[in-house]
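So you can see what is in the structure, the chains are spelled out below.
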Amino acid sequence: MRGYVVFLRRPYAGRLLGATLLGRLPNGMGMLAVVLHVRSDGGGYPLAGTLAAILGLATAAGQPVLGRAMDRLGQPRVLIPAAWASAAGFAALAAVGADPLPVAVAAVIAAGFATPPLEAGLRALWQDVLDGPEQVDAAYALDAAAQELLFTVGPLLVVAAAVANTETALLLTGALGIAGTLIVALSGPSRRWRGEPRASDWAGPLRSPGLRVLLLSLACAGIALGVYAVAVVAYAERQDSEVASGLLLACMAGGALTGGIVYGARRWAGAPHRRLPWLMAALAAGYVPLVLAPGLAVMAVLAFASGVFLAPVLACSFTLVDRLAPSGTVTEAFAWVVAAVGAGGSLGSFVAGVGQNVAGVPGAFAGAGAGGLLALTLCLLGGRTLLPTPAQPAPVSAEASA
């Protein structure tokens, strides 16, 4: 644990991590707040679910776009307007509800697409704020572990705010995003940070074959996460238990938190591109037994085990992104990680629904194991591309050199 103590003693480290988590709470609040508001406004579950899915997809689409803008313009000039725009989207939905539908859809798209890329921005800052790769690795692990709290605390805040009314829940979602973003964007490291010169090609970080393989693999891991979130609801209904879904989500989050803290507490031998396949294999092995869907006591243990290697996989992936991203694209590269996992999660929700219709609860959970195994397969097949190679000279864009 000494690495965490040293890391948190660094100037700005605790402030940046805490503020980023605060500003990312809307990621764990937005979908539930949208569903509750649409339902309270008389909309059906299909409409509520569709608008929530649009929010998730818009968020995934916006992260790389805003990340590229941050690489070119710096952090405050992108983060602060984005936070206000996202909050305005939530406020607009609170004002109009589900009718008129085109306005509601536009509001949800704005709220999602403009979500500030705080996650990517923080990971780009660690190299400047921290001292050496050991502290950076500890920061990645703690960051990956702590983000599980977003999906535990966030829904609780939405439910508490909705006691007053669902409009309050939406407004609170936007306000927390603004608060966290301002603390980050007004900090010294964020104001000073500048992206490196970048090549003028449109592909940005996607021109790295290793990064493309990594993103596809993480998208498949995201499928497993999306499947799990839906499958536990089906499991709870089969068990006729109102608390089962929340318990199983909390167990998986607890496993991820524990795994991330343990992973980051020690220094690991070997290069991260050799370590990642082993971590992916362990992650997949944790998802496969869920298809058994046993009684709640055993299922809680399996749920905890399924989360243990999630944060280590993410932390190891963050280290690889640092090494694989071409010059001047690091924020956009980290934003693509967020987008890949988010898009995979949206697809996983659909996969779980199909599996539930075909084969009941085991069919719903089968998608989680399939996603984990596919992530491992892609990681193994593209393993050679994950080895960082020396950067090749490339023409620099006028924007970057200005």
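Note that this is a predicted model, so its numbers are computed, not measured. (Residues numbered from 1 in each chain as written. Predicted model: local features only at pLDDT ≥ 70, side-chain atom pairs only at ≥ 80, totals over all residues. Heavy atoms only, no water.)

1. Some remarks on the pattern of salt bridges
Phase 1 of the analysis: With the rule as written, the count across this model stands at five salt bridges.
Phase 2 of the analysis: Between R24 and E119 there is a salt bridge; the shortest N-O distance is 3.7 Å. One end of the pair, R24, is in the loop between α2 (13-23) and α3 (25-40); the other, E119, is in helix α7 (residues 118-129), with 95 residues separating them in the sequence. For the pair R24 and E119, a shared accessibility class is recorded, and that class is buried. (Salt bridge = Lys/Arg side-chain N within 4 Å of Asp/Glu carboxyl O. Helix = DSSP H or I, 4+ residues; strand = E, 2+ residues; numbered from the N terminus. Buried < 20%, exposed > 50% of the residue type's maximum accessible area, 1.4 Å probe, protein only.)

2. With respect to the packing of helix α13 (residues 244-264) against helix α16 (residues 310-324)
Phase 1 of the analysis: Closest axis-to-axis distance for the α13/α16 pair is 6 Å, and the angle between their directions is 45 degrees. In this view, α13 runs oblique relative to α16, as classed from their interaxial angle. Every residue of α16 that contacts α13 at A256, G259, G260 and Y263 is listed here: L310, A311, P312, A315 and C316. (Axes fitted to C-alpha atoms, helices over the stretch in contact; angles between N-to-C directions. Parallel < 35°, antiparallel > 145°, perpendicular 65-115°, else oblique. Contact = heavy atoms within 4.5 Å.)

3. Focus on a nonpolar patch on the surface
Phase 1 of the analysis: On the surface, L347, F350, V354 and V358 cluster together to form a nonpolar patch covering roughly 410 Å² of accessible area.
Phase 2 of the analysis: Here V358 shows up in helix α17 (residues 330-381).
Phase 3 of the analysis: According to the relative accessible area criterion, V358 is exposed, its value standing at 68%. (Patch = residues over 30% accessible without salt bridge, like charges linked within 9 Å, V, L, I, M, F, W, Y side chains within 5 Å. Areas by Shrake-Rupley, 256 points an atom, 1.4 Å probe, with all protein chains shown as cover.)

4. Observations concerning the packing of aromatic side chains
Phase 1 of the analysis: A full pass over the atoms with the stated rule returns six aromatic pairs.
Phase 2 of the analysis: Seen in terms of ring centroids, F318 and F334 are 6.2 Å apart; in terms of plane orientation they differ by 75 degrees. Their pairing is edge-to-face. Of this pair, F318 sits in helix α16 while F334 sits in helix α17, and the two are 16 residues apart along the sequence.
Phase 3 of the analysis: A network of ring pairs unites the aromatic residues Y140, F318 and F334 as a single cluster.
Phase 4 of the analysis: The ring of F318 carries the charged tip of R123 above its face, separated from the ring centre by 3.7 Å.
Phase 5 of the analysis: The ring of W268 carries R266 above its face, with NZ or CZ at 4.0 Å from the centroid. (Phe/Tyr/Trp six-rings, centres within 6.5 Å; stacked < 30°, edge-to-face > 60°. Lys NZ or Arg CZ within 6 Å of the ring centre and 35° of its normal.)

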